[in-house]
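Secondary and tertiary structure notes
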Amino acid sequence: MSKSYQYPVFVSPCFEQRIWGGRRLESEFGFGIPEGNIGECWAVSGYPERESVAENGPCEGRTLSAFWAAEPDFFGAAQLPDEVRESGYPFITKIIDARENLSIQVHPDDAYAAVHENGAKGKTECWYILDCPDDAYLILGHNARTKEEFVQMIEEGQWDALLRRVPVKRGDFVQLEPGTIHAITAGVMLLETQQSSDVTYRVYDYGRLENDKPRQLHIQQSIDVSTVPAPEMDGLVLHTADAAANRTQELVSCKFYRVEKLPVDGNFVMEEKAPFWIASIVEGEGSVTCSGQTYALKKGQSFLLPCDYGKAEFSGKMTVILAAPQGK
């Protein structure tokens, strides 16, 4: 890899209108968002038609998928499993603003999606809570004990009895495996790291209309892929609000990614330990210095740290969420 890639590459986001979205991506992060109810910022994405674009470096102006194909050394391709290297940029990093409740939904795993969604990937994802009301909760799992009871409760619309409501607060973290019934609720804003997939099955949507029509539901698919009984509550929500400054805290390490939290208060030097990193500034401001060059950072920015960056010095007062692929 050329010396020119021993520094961060910043990428531009794209935005998605959602029936449940709001305007906080503008007021909280200063994004220049389109008119309407904007629910999602696709901060780092190589997904077709919703791609980030490099803002600096030799690949400036190119989409992330083109960047991935043209500069494999930047992403530490030699350290990646063959499947990851050959299937394209592996993650989507989003900021989600839920002005209203999202639909009750579930995602398939890779095996089900490959068969039923034209070879698509499944969707493993995780959430870091950026902001929420004092009495906030998420829908995480359900109370059915058997598949038969699960189907019956759906058919009879027993949503209050079926759905499991889990209290959350700022700084909480949740890993969502495929098959987990879930929903973000009104007032919650979060950072999501997920597989590069857009396969979602809605099981319930409060009877809402979109363009004067009920939104599409996917009842049979939801029944097919949902885990019954749901995973136990213990350890489901990781509380990180009191994480120590100037050290990384691992939030999750799974087959598809690992995610860490870095609260910076002063200075912290991060050394190479992954094929590449996605860094998202979710609070505060500061700077990062690589190879003698310093780059200002502000809330809402996301950038990529290349495989061969050596050391990155973070300075300021900010919270950084870091994500990386698992190496071989």
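So, here's what we can say about the structure. Keep in mind the model is a prediction, meaning the values are calculated, not measured. (Residues numbered from 1 in each chain as written. Predicted model: local features only at pLDDT ≥ 70, side-chain atom pairs only at ≥ 80, totals over all residues. Heavy atoms only, no water.)

Another point: the overall build of the protein. Broken down by element type, the protein carries seven helices and 22 strands. When the backbone C-alpha atoms are referred to their principal axes, the protein occupies close to 65 × 40 × 40 Å. The buried share among the 328 residues of the protein stands at 53%. Excluding contacts between residues fewer than 6 apart, the proportion of contacts in the protein whose partners are at least 24 apart in sequence is 73%. Looking at charge distribution, the protein has the averaged site of its 31 positive side-chain charges lying 2 Å from that of its 48 negative ones. (Helix = DSSP H or I, 4+ residues; strand = E, 2+ residues; numbered from the N terminus. Buried < 20%, exposed > 50% of the residue type's maximum accessible area, 1.4 Å probe, protein only. Contact = heavy atoms within 4.5 Å. Lys, Arg positive; Asp, Glu negative; His and termini not counted. Charge placed at Lys NZ, Arg CZ, Asp CG, Glu CD.)

Before going further, it helps to examine the sheet that holds strand β16 (residues 237–239). Read from one edge to the other, the open sheet built from seven strands follows the order β2-β3-β5-β12-β7-β10-β16, with strand pairing classed as antiparallel. In the strand order of this sheet, the two ends are held by β2 (14–22) and β16, each with one partner. The average undirected angle you get between the axes of adjacent strands in this sheet is 25°. Judged from the six bridges that link them, strand β7 (residues 125–131) and strand β12 (residues 189–195) form a sheet pairing that is antiparallel. Pairing of Cys 126 across the sheet is with Thr 193, part of β12. (Pairing = 2+ DSSP bridges. Axes fitted to C-alpha atoms, helices over the stretch in contact; angles between N-to-C directions.)

As a further point, take the nonpolar core. Leu 25, Phe 67, Phe 75, Tyr 89, Ile 95, Val 259 and Leu 304 are the most contacted members of the largest nonpolar core, which totals 40 residues. No other element matches strand β3 (residues 38–45), which puts four residues into this core. The residues touching Phe 67, leaving out its near neighbours within four places in the chain, are Tyr 5, Val 9, Ala 54, Cys 59, Phe 74, Phe 75 and Leu 304. In this structure, Tyr 7, Phe 10, Cys 290 and Leu 297 belong to the second largest nonpolar core, which totals 23 residues. (Core = buried A, V, L, I, M, F, W, Y, C linked by side-chain atoms within 4.5 Å.)

Let us now look at unusual backbone geometry. Following Val 228, the chain continues into Pro 229 via a peptide bond in cis, with omega recorded as -5°. Mapped onto the elements, Pro 229 comes out in the loop between α7 (219–225) and β16. For Tyr 206, which is not glycine, the phi torsion reads 60° and is therefore positive. Here Tyr 206 is to be found in the loop between β13 (201–204) and β14 (209–210). By relative accessible area, which is 35% here, Tyr 206 ends up partly exposed. Notably, Asn 211 is not glycine yet its phi reads approximately 55°, a positive angle. Along the chain, Asn 211 turns up in the loop between β14 and β15 (213–214).

On their own, these measurements won't tell you what the molecule is for.
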